[in-house]
Amino acid sequence: VENFGMAIGGIANIADFDTSGSETEGTGDAEVTTATAAESHNFPSVFVEFAARGERAGVTVGAEYIPFTALLGHKTRVDAESPADRDSDDGTYSAKAEMSDIGTIYIEPTFYINESFGLYVKAGMTHAQVDSLEAIEFGGNSSKYGDKGVWGSMFGVGLRGTHASGLFIKIEHIEQDFDTIELKSGTGNVNTIKADIDETATRVALGYQF
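Cut-offs used in this document
- Residues numbered from 1 in each chain as written.
- Predicted model: local features only at pLDDT ≥ 70, side-chain atom pairs only at ≥ 80, totals over all residues.
- Heavy atoms only, no water.
- Patch = residues over 30% accessible without salt bridge, like charges linked within 9 Å, V, L, I, M, F, W, Y side chains within 5 Å.
- Areas by Shrake-Rupley, 256 points an atom, 1.4 Å probe, with all protein chains shown as cover.
- Salt bridge = Lys/Arg side-chain N within 4 Å of Asp/Glu carboxyl O.
- Helix = DSSP H or I, 4+ residues; strand = E, 2+ residues; numbered from the N terminus.
- Buried < 20%, exposed > 50% of the residue type's maximum accessible area, 1.4 Å probe, protein only.
- 1 Å grid on protein atoms, 1.4 Å probe; cavity = no way out; pocket = protein on both sides within 12 Å on 5 of 7 lines; lining within 4 Å.
- Points joined across faces, edges and corners; volume = space filled by probe spheres on them.
- Nonpolar A, V, L, I, M, F, W, Y, C, P; charged D, E, K, R; others polar.
- Pairing = 2+ DSSP bridges.
- Contact = heavy atoms within 4.5 Å.
- Core = buried A, V, L, I, M, F, W, Y, C linked by side-chain atoms within 4.5 Å.

Q: Pulling in residues and values, what's your account of a nonpolar patch on the surface?
A: Residues Phe4, Met6, Ile8, Val48, Phe50, Leu167, Tyr208 and Phe210 make up a contiguous nonpolar surface patch of roughly 780 Å² in combined accessible area. If you tally residues by element for the nonpolar patch, the top one is strand β1 (residues 3–24), at three residues. Note on placement: Met6 falls in strand β1. Judged by its relative accessible area of 35%, Met6 falls in the partly exposed class.

Following this line, the structure appears as structure tokens:
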């Protein structure tokens, strides 16, 4: 090993979140409502990592944290009473989901083209909190779901440029696939919601290796 050290830095994220989900009513005929949502967010994150490098090959192990909340989607639906629908759940329902406390551990095997530049693949595991919120404008059956932790897998590729001073830059593209999350309300219609979340991001990281 020619070089080993600890590094810290920050990442500028340009990310797209795609969410598909369903809500199943817990009363009556168990009506199922499905929806999809797409949201784009720009946000920073911070990381700490340890890197070991030989002449041509190296490996980096790190941890990243996003100290911000990302909106996954916001949908509104209207339930109205009719001769075929007499379940007393009429109203305008507004639902949204947010993701917060996003942390990732990762590994980056790297092939160095020369002293300054290397190509790497990235793999990791992510954990986040998902909070689902629903409000009702009239009627009386709004459901509250709270929040729940969810795990996801990360894969990506990138280019790493280093300087003799210890400064480095990474440009990468990643994709994250989160496990399906299921939340059940303890109020209102005692509904159940399921959601599948995917993230695609292009990122630029700046750091310093000690």
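Q: Tell me what's going on with the layout of surface pockets, and back it up with residues and numbers.
A: A volume near 300 Å³ is recorded for the second largest pocket. Forming the boundary of the second largest pocket are 20 residues, of which Asn3, Arg53, Thr162, His163 and Gln209 lie nearest the centre. Where the lining of the second largest pocket is concerned, the elements lending two or more residues are β2 (32–53), β3 (57–66), β7 (146–162) and β8 (167–178). At three residues, the largest contribution of residues to the lining of the second largest pocket is made by β2. Broken down by class, the residue content of the lining of the second largest pocket amounts to eight nonpolar, seven polar and five charged.

Q: I'd like to hear about the pairing of β1, residue by residue, with values.
A: Sheet topology note: the β1/β2 ladder contains 22 bridges and is antiparallel. Bridge pairing links Ala12 to Pro44 in β2. Relative to strand β10 (residues 192–209), β1 runs antiparallel, the two sharing 18 bridges. Within the sheet, the bridge partner assigned to Ala15 lies in β10 and is Ala201.

Q: Can you tell me about the environment of Gln129, naming the residues and giving the values?
A: Considering the arrangement of structural elements, one finds Gln129 in strand β6 (residues 117–136). Given the relative accessible area of 21%, Gln129 is considered partly exposed. Residues Gln129 and Gly149, spaced 20 residues apart in sequence, show a C-alpha to C-alpha distance of 4.4 Å. When residues no more than four places from it in sequence are discounted, the contact partners of Gln129 are Glu98, Met99, Ser100, Asp101, Asp147, Lys148 and Gly149.

Q: Provide a residue-level description of the pattern of salt bridges, including the pertinent values.
A: Tallied over the entire structure, the rule returns eight salt bridges. Its salt-bridge partner being Arg203, residue Glu64 comes within 2.9 Å of it at the nearest N-O pair. Taken together, the positions of Glu64 in strand β3 and Arg203 in strand β10 put the pair 139 residues apart, joining distant regions of the chain. Each of the two residues, Glu64 as well as Arg203, counts as buried. For Lys122, the salt bridge goes to Glu108, with nearest N and O atoms at 2.8 Å. Of this pair, Lys122 sits in strand β6 while Glu108 is found in strand β5 (residues 91–112), placing the two residues 14 residues apart along the sequence. Summarising the burial analysis for this pair, Lys122 and Glu108 share the class buried.

Q: Help me get a handle on the nonpolar core, residues and values and all.
A: Formed by 21 residues in total, the largest nonpolar core has its most connected members in Phe17, Leu72, Met99, Val130, Val150, Ile181 and Ile197. Here Ile181 is in contact with Val130, Lys148, Val150, Ile193, Lys194 and Ala195, once residues within four sequence places are set aside. Membership of the second largest hydrophobic core comes to six residues, among which are Ala7, Ile11, Phe47 and Tyr106.

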